[in-house]
Amino acid sequence: MIVIRSAIAAAVLLLGAAAPAQAAAAAPGRCEAPDTPGDYRDVVCPLTAQPQRLRFVARFSGGHDDTQAWLTASLDGVELSCAPGSKPRLIGEDGDVFIDCLLPLNASPAPRRLEIALKWSHAQYTGIELLSE
């Protein structure tokens, strides 16, 4: 019985270790979104120099008729516009909601810094994602 439990525990550990590695490989970079008092976050994402098409997503729960959320993006201090197909603002949506920004970025000779300012009201912030498309 001890051998079976040890084998199951080892399998669970191996599967658990593989999942984060796969997720990290798919992600274009890790963003930092420190906790702040109030309904806003300043997010910083270091980027590689390669051209990328990225989608930044911020998620919230508890949306209702007076919920609002919006974001602004900048790259190395220069304001960016979200590409068509983005949803950088929401007003009055119910349930689990999100805003996002599609960012087609050109190649650069050096690493860059993506900054996202998030603000919301009447919802609960649940997290962010930076996805490569």
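Residues numbered from 1 in each chain as written. Predicted model: local features only at pLDDT ≥ 70, side-chain atom pairs only at ≥ 80, totals over all residues. Heavy atoms only, no water.

A.B. asks: An account of the packing of aromatic side chains is needed here, citing residue identities and associated values.
C.D. replies: Here a ring pair, both rings aromatic, is described through the centre-centre distance and the interplanar angle of the planes. The full count for this structure, using the stated rule, is three aromatic pairs. Judged by centre distance (5.3 Å) and plane angle (50°), the ring pair of F60 and W120 falls under tilted. One end of the pair, F60, is in strand 2 (residues 52-63); the other, W120, is in strand 7 (residues 112-121), with 60 residues separating them in the sequence. Here F60 and W120 have matching classes, each one buried. Ring centres 6.2 Å apart and planes at 65° place the aromatic pair F60 and Y125 in the edge-to-face group. One end of the pair, F60, is in strand 2; the other, Y125, is in strand 8 (residues 124-132), and 65 residues separate them in sequence. By relative accessible area, F60 is classed as buried at 2%. Pairwise contacts between aromatic rings join F60, W120 and Y125 into one cluster. The aromatic ring of F98 is capped on one face by K87, whose charged end is 4.2 Å from the ring centroid. (Phe/Tyr/Trp six-rings, centres within 6.5 Å; stacked < 30°, edge-to-face > 60°. Helix = DSSP H or I, 4+ residues; strand = E, 2+ residues; numbered from the N terminus. Buried < 20%, exposed > 50% of the residue type's maximum accessible area, 1.4 Å probe, protein only. Lys NZ or Arg CZ within 6 Å of the ring centre and 35° of its normal.)

A.B. asks: Please provide a residue-by-residue account of the sheet that holds strand 2, values included.
C.D. replies: One open sheet accounts for three strands, arranged 6-2-8; its pairing is antiparallel. Each edge of the sheet is formed by a strand with only one pairing partner; in this case those strands are strand 6 (95-105) and strand 8. Along the sheet, successive strands turn relative to each other by an average axial angle of 15°, direction set aside. Pairing of strand 2 with strand 8 involves eight bridges; the strand directions are antiparallel. Note on strand 8: the bridge partner recorded for A58 is I128. (Pairing = 2+ DSSP bridges. Axes fitted to C-alpha atoms, helices over the stretch in contact; angles between N-to-C directions.)

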